[in-house]
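# Residue-level structure breakdown
Spelled out from the first residue to the last, the chains are:
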Amino acid sequence: MEVSVTVNGADHTADVEPRVLLVDFLRTTLGLTGTHIGCDTSGCGVCTILLDGTPVKSCAMFAVQADGRSLTTVEGLKQNGQLDRMQVAFKEMHGLQCGFCTPAMMLVGKALLERNPAPDEEEIRWELSGNLCRCTGYMNIVKAIRYAATQPEGASA
Amino acid sequence: MTTTTGAPSATTAEIGGIGHSIKRKEDDRFIHGQGRYLDDHVLPGMLHLALLRSPLPHARIVKIDTSEAEALPGVVACVTGEALAAHGLAWMPTLSGDTQAVLATDKVRFQGQEVVGVVAESPYVAWDALELIDVEYDALPTIIDPKAALEDGAALIRDDKEGQTDNSCYQWEAGDKATTDQAFAAADKVVSIDTHYPRSHPAPLETCGCIADLDPVTGQATIYMTSQAPHAIRTLFAMVAGLPEENIRVISPDIGGGFGNKVPIYPGYVVATAASLLIGKPVKWVETRTENLISTGFARDYHMHAELALKNDGQMLGLKVDMVSDNGAFYADAQPSKFKAGLFHVCTGSYNFPAAHVVTKGAYTNKAPGGVAYRCSFRITEAAYLIERLVQNAAYELGIDPAELRTKNFIRPDQFPYHSPTGFVYDSGDYDAALQKALDAIGYAGIAKEKEEARKEGKLVGVGISSFTEAVGAGPSKDYDIAGIKMFDSAELRVHPTGKAILKLGSRHQGQGHETTYAQIVASELGIPAADITVREGDTDNTPYGLGTYGSRSTPTSGAAAAVIARQLREKSRKIAAHLLEASEDDLDWEPGKFVVKGAPDRSVTIQDVALAAYTNYPDGTEPGLEGVHYYDPPNLTYPFGSYAAVIEIDEETGQWKTRRMVAVDDCGVRINPMIVEGQLHGGLAEGFAMSSMQFITFDEDGNCIGSNFTDYLIPTSWETPRFELGETVTPCPHHPIGAKGVGESATVGSPAAWVNAVIDALAPTGVRNIDMPVTPARVWEAMQGAKAG
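Report follows, based on the coordinates. Just so we're clear, the structure is a prediction, and the values are computed from it rather than from any experiment.

Regarding its fold elements, chain B presents 19 helices and 35 strands. For chain B, the C-alpha radius of gyration of 27 Å lies close to 28 Å, the compact-globule estimate for 790 residues. Seen through its principal axes, chain B has C-alpha atoms that stretch 85 × 75 × 50 Å. In chain B, buried positions account for 61% of the 790 residues. Summarising the internal contacts of chain B: among those between residues at least 6 apart in sequence, 79% fall at separations of at least 24.

Okay, here's the thing in structure tokens:
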């Protein structure tokens, strides 16, 4: 089946088997390997991307279901040569260790701040509860998102 | 020994040496999504391997028919145990001296065991083909309980092993029985505990996998693998597969968490390698989460009985431990050869025991093999948990405050080096300082009042302490090995003419921050800014030999090697500096980053000047260059310690409990990068909380694994995970070049007992003394009802 999607602002059209998962389409067909696979049963969230701005688990969707939609992956966070404030915050606050859950965590954080520019810790923890991390105990991920909320949107070194 | 110990020079923020919380160098690629993990690698012509696994835990294989699968378009080959047997590869050695089936030939011994491999052009086709394979099994009796496995007449699981007549996989003891019996004879009181440290799984978010690329023309084997120990894997592959070691290159790329899961060799690695060898194309194998949880690297599963002999005043006289470990169908722990139950015999903990005796028995059962050190140094987690639970129960029985009982029996600072009754030589510590700090932070003096007030709201409050000591950082090589390979580690440092450097090591990080912390060690020793030092690990062609990263051994071994080689290059630099300054070496003072002529502060050369001169203007008779390699064999283990205090509350109506406070005071010696140390502790605490409260793998009586996905195998999310408060004391390791001890595992080792002790403390007035982990609300509820029923 033919599928057309916009990923990080670029249009892509490809012929895919109907059963191909969106995460495999992103990783294998488009070569965007920043979106990871941790469980393929929607339990861990490391495959999270933004679908029209909303976090979804890309292992729980077929690629063809994304037809006509706009997707953001970690590769799309940096804009015009500038890091997203979430990227800066994760490094500054030591919000990552092995880095495997990090792309998903940053995207969830970004989507949250778009809806709620100044979330408190409870709100952040609730928002992140679909995404597992085994390294950080979530402490510095929460801290990073809180820090990002204090930074001007979009602009960073 | 070329090592000299001593405090590192203080460096400026610009140099960013030891003690600076500099931001991590490795983060840049990760925040861009440019980490390169195993599954991100695609090689030209690469094929995909999927494994058919046994649905039964114990059964004879009657027939395997792969004809339909082979006929499926896109399938390249089906590999059976029989086919591997023709090449001598149906069985492989484990890292603890046993054998393990690569693909089953005779029978299957656990649910999820590897039976057939399918190699296909895409993973989807490989998975389709698995459905078309017909395997006929003849079911055999299943043994799930390790104690039942050791009973006379139990069905024999390992009938493949010559001379094996029962399900015992090892018996091992430590300490001295006679003196321990005497100690018990002199006791006023003996307190005992029976508890199970449940089967758990490290479950890093990246599963295990490999890409085997064997070039049929050159014979070169390049194996990309999620391995915490790539050098050891290379050697073992040479031994297992008979490949010439000079032709094997193991590349361990970015690793999405390891926690011990990525130490062993798994059948999938061997099947992929054999398939690539036979087919002549690269073959990728990446396990699914379910495969990860049901077949690779489980941890713990110790059934422990312990007795503590005391005087009425609380003085500890002796410890007896009798433990049965459930090793699954193959003894596939990664333990040093001398120590069958790893370092479990460190179970005398932080206490001055005159006598101890530890008996351990390992059993084969129809469960997945493993026994990996999940975020701990060879079974130390089980040991620390056992003694800390037992000490608290002893306090209740004697009517002594649990903190006071600990203080009374701690090994005192003036007793170090301390020879433990089971054979360890503890290097340093000040246990009471850490405990008092934790008690102060948690407000221990006010807990009684807090309990009383909570009671009015239907909450039962408890406080739990854990004052643990670890033994980490193996070697020394005289005592520690993996499959015969001695446990040392290495660092190669090359300072380039422009004064920038590259450091290559035998360890392999999985998120610990080595690219930053190792650079900081060299920055402190040589004064080259950490920003100018690139750290490389994981490629056996380009790094010196080492045993890898697990057991909190990287800083104690590779980190030490980095410091030593940097010091050696500094000494060489001194000669070159003397030449440049036309001064004698003795007349030069070292300040971080430069040599200065004594009494003439304006006459100096920087390390960068020296580096250039090492290639352009060196004194006659001096070997050119500024490079070197050091292999560091530690003189002893290191002994990090800490005291944790948790306050929890239980809802009387439901048994639900939650953490009010968790204070963790750690002493890991000198902290290289405090920010990274704290991150390690946060992660360890979260995993300790996970094991205490929800995370475990169990089996039904038919041998079905319960916990084969993230719906059944519960990992705490940000919502359940409590907040942590950290504190520190610093007792430098006396034998480590920079005084560091290792920290990656402290919190996983130390924290479970604090949480469980807190729950027990809340229920202690009703006589409850044990709830096995995970302490689920249901188990708490059951204990409360049992206590009511009396």
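On to the interface of chain B and chain A. Taken together, the contact between chain B and chain A spans 41 residues of the former and 41 residues of the latter. For the side of chain B that touches chain A, the elements supplying multiple residues, two or more each, are α1 (27-31) and α17 (674-693) of chain B. Per element, the largest residue contribution to the side of chain B that touches chain A is 7 residues, and it comes from α17 of chain B. Looking at the side of chain B that touches chain A, its residues break down into 16 nonpolar, 17 polar and 8 charged.

Moving on, we come to the environment of R553 of chain B. Residue and element names in this part refer to chain B. By the secondary structure assignment, R553 is in the loop between β26 (533-537) and α15 (554-581). According to the C-beta neighbour criterion, R553 is buried, with 29 such atoms within 10 Å. Once you skip the residues sitting within four places of it in the chain, R553 turns out to touch V472, G473, A474 and G742.

A few words now on helix α2 (residues 85-92) of chain A. Residues of α2 of chain A that are buried include every one of R85, M86, Q87, A89 and F90 of chain A, and no others. Residue H94 of chain A follows α2 of chain A closely and has a positive phi angle near 55°.

Here the focus is the sheet that holds strand β31 (residues 641-651) of chain B. Adjacent strands of a sheet pair through backbone hydrogen bonds, lying either parallel or antiparallel. All names here are of chain B. In space, the 4 strands of this open sheet follow the order β21-β31-β32-β35, with mixed pairing throughout. Every interior strand has two partners, whereas the edge strands, β21 (459-469) and β35 (725-728), have only one. The average angle at which neighbouring strand axes cross in this sheet is 15°, direction not considered. Here β21 pairs with β31 via 11 bridges, running antiparallel. Looking across to β31, one finds that L460 is bridged to I650. Sitting on the sheet, helix α13 (residues 447-456) touches β21 and β31, and the angle it makes with β21 is about 150°.

Over its 20 residues, α17 of chain B extends 28 Å from the first C-alpha to the last, a length consistent with the 28 Å expected when each residue adds 1.5 Å. Taking burial as the measure, the 20 residues of α17 of chain B include 18 buried ones, the bulk of the element.

So, on to the pairing of strand β13 (residues 248-251) of chain B. All names here are of chain B. Here strand β12 (residues 221-225) runs beside β13; their pairing, made up of 4 bridges, is parallel. Considered in β13, the bridge of A221 is made with I248. Crossover connection from β12 via helix α7 (residues 230-241) to parallel β13: handedness right-handed.

Before going further, it helps to spend a moment on the pairing of strand β25 (residues 501-505) of chain B. Residue and element names in this part refer to chain B. In terms of burial, β25 is a largely internal element, 4 of the 5 residues being buried. Sheet analysis places strand β24 (residues 489-495) next to β25, joined by 5 bridges and oriented antiparallel. Considered in β25, the bridge of V495 is made with A501. Taken together, β24 and the strand that follows it, β25, pair antiparallel across an intervening segment of 5 residues, in which G499 is found at a positive phi of about 85°. Since β25 and β26 lie parallel, the crossover through helix α14 (residues 514-526) that links them has a hand, and here it is right-handed.

Here we take up the nonpolar core. All names here are of chain B. Of all hydrophobic cores here, the largest spans 303 residues; its most connected members are V271, L503, V522, A562, A645 and V759. In terms of residues, this core owes the most to one element, helix α18 (residues 746-763), which gives 11 residues. Every residue in contact with V271, bar those within four places of it in the chain, is listed here: L49, L51, V79, V102, L103, G117 and W285.

Cut-offs and rules
Residues numbered from 1 in each chain as written. Chains lettered and ligands numbered in written order. Predicted model: local features only at pLDDT ≥ 70, side-chain atom pairs only at ≥ 80, totals over all residues. Helix = DSSP H or I, 4+ residues; strand = E, 2+ residues; numbered from the N terminus. Rg over C-alpha atoms; globule rule 2.2 N^0.38 Å. Buried ≥ 20, exposed ≤ 12 C-beta atoms within 10 Å, placed from the backbone. Contact = placed C-beta atoms within 7 Å. Nonpolar A, V, L, I, M, F, W, Y, C, P; charged D, E, K, R; others polar. Pairing = 2+ DSSP bridges. Axes fitted to C-alpha atoms, helices over the stretch in contact; angles between N-to-C directions. Expected span 1.5 Å × (residues − 1). Right-handed = clockwise from strand over helix to strand, strands pointing away. Core = buried A, V, L, I, M, F, W, Y, C linked by C-beta atoms within 7 Å.

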